[in-house]
Amino acid sequence: MEDQIYQSTDLFVNNKLQELPIHMKYKETEKNFYMNFHSHAGYEIYLFHEGSGYFLIEENIYPLEGNDMILISTLEAHKSSPKLQMPSTRSAIHFLPELLDPEIRGRFLAVFDRSNPHRHIRLSGDRLRHFEYLLERLHEEYTMLNTDDFLTMRIYLNEMLLEIHRLVFNGSEQELEPIARNTINPKIEEAVKYLSQNFQSDIPLEKLAQDLYINPYYLCHLFKKTIGLTITDFLNHTRIHHAKRLLANTNMPITEISQSVGFNSFSYFGRAFKKLVGTTPRTYRNKQ
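Residues numbered from 1 in each chain as written. Predicted model: local features only at pLDDT ≥ 70, side-chain atom pairs only at ≥ 80, totals over all residues. Heavy atoms only, no water.

**Things to note about the nonpolar core**
Judged by nonpolar contacts, the single largest core of 37 residues is most densely connected at Leu 219, Phe 223, Ile 227 and Phe 234. Listing elements by their share of this core, those giving two or more residues are β3 (52-57), α5 (186-197), α6 (205-212), α7 (216-227), α8 (231-249), α9 (254-260) and α10 (266-277). A total of 6 residues in this core trace back to one element, the largest contributor, which is α8. Filtering out sequence-adjacent residues up to four positions away, Phe 223 remains in contact with Ile 188, Ala 191, Val 192, Leu 195, Gly 228, Leu 229, Thr 230, Ile 231 and Phe 234. Counting residues in hydrophobic clusters, the runner-up holds 33 residues, among them Met 24, Tyr 43, Leu 99 and Ile 121. (Core = buried A, V, L, I, M, F, W, Y, C linked by side-chain atoms within 4.5 Å. Buried < 20%, exposed > 50% of the residue type's maximum accessible area, 1.4 Å probe, protein only. Helix = DSSP H or I, 4+ residues; strand = E, 2+ residues; numbered from the N terminus. Contact = heavy atoms within 4.5 Å.)

As structure tokens, then:
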């Protein structure tokens, strides 16, 4: 079931952005929400209105609370992991750069850059109310959209990005003070970083647990509870994510790509790729 969700999330967002340069979800609430580890075209503004949990962008874990905003760049693997059995409410805006005016596009997209240390922002006060207003107006325009006239939506999106840009690059120290990370177990942070940086290698669970000075069974339990994926699933998602990049951006033979991202068996790579992406590596490359 999770693999089907993973497959549809990647394809769903990409297909929506092929139809229109913007796609959004507005204040959706669930108790047992599951988001897969996925990546897609376009940029994303993720707003977490209610609940608590974690958000993962490749090797970085962010603690989530109500009124948090996460900025995700194009083709970055990411997933949210709200605490189960608790209501969580979220909005997401996916958009393509063409929706922004060319003269300001570079400045606004800079907030999504991986070098920006403030891609996790906790909103409050007047700034929160202003973002809520812009989000509501943007959603109203999105639901009424029945032509190719994106003018009003562009205005609200540009204003939202202007506020984000000002906050990131000109905000006060109080507005951008570091967000407490004491809810994240440091062993899980170490495990995620280690797996993300060494996915090309064979990583036995016992060796990982030994290096982290933690019981392997407890590590598995804690990892799944925090990330929402098993260690094996996370490692496979990471390897396939990097394989997709190589298939799309290089002429490297598929057998070499399989080895370079950490698969010892080419046949297993093919099965894992099709399971998670929904197509074979060769077909995926031909569609790029």
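That shown, we press on.
**Remarks on empty space enclosed by the protein**
Per the stated rule, a full pass over the model turns up 1 cavity of 30 Å³ or more. In this structure, the largest cavity spans a volume of roughly 70 Å³. If you list the elements that add at least two residues to the lining of the largest cavity, you get β2 (43-50) and α3 (125-144). No other element matches α3, which puts 4 residues into the lining of the largest cavity. Considered class by class, the residues forming the lining of the largest cavity number 6 nonpolar, 2 polar and 2 charged. (1 Å grid on protein atoms, 1.4 Å probe; cavity = no way out; pocket = protein on both sides within 12 Å on 5 of 7 lines; lining within 4 Å. Points joined across faces, edges and corners; volume = space filled by probe spheres on them. Nonpolar A, V, L, I, M, F, W, Y, C, P; charged D, E, K, R; others polar.)

**Let's talk about the packing of α6 against α7**
Between α6 and α7, the least distance of the axes is 9 Å, while the angle of their chain directions is 90 degrees. In terms of orientation, α6 and α7 fall into the roughly perpendicular class. Here Leu 205, Leu 208, Ala 209 and Leu 212 of α6 come into contact with α7, specifically with Pro 216, Leu 219 and Cys 220. Here the contact of α6 with α7 is built from residues that sort into 7 nonpolar, no polar and no charged. (Axes fitted to C-alpha atoms, helices over the stretch in contact; angles between N-to-C directions. Parallel < 35°, antiparallel > 145°, perpendicular 65-115°, else oblique.)

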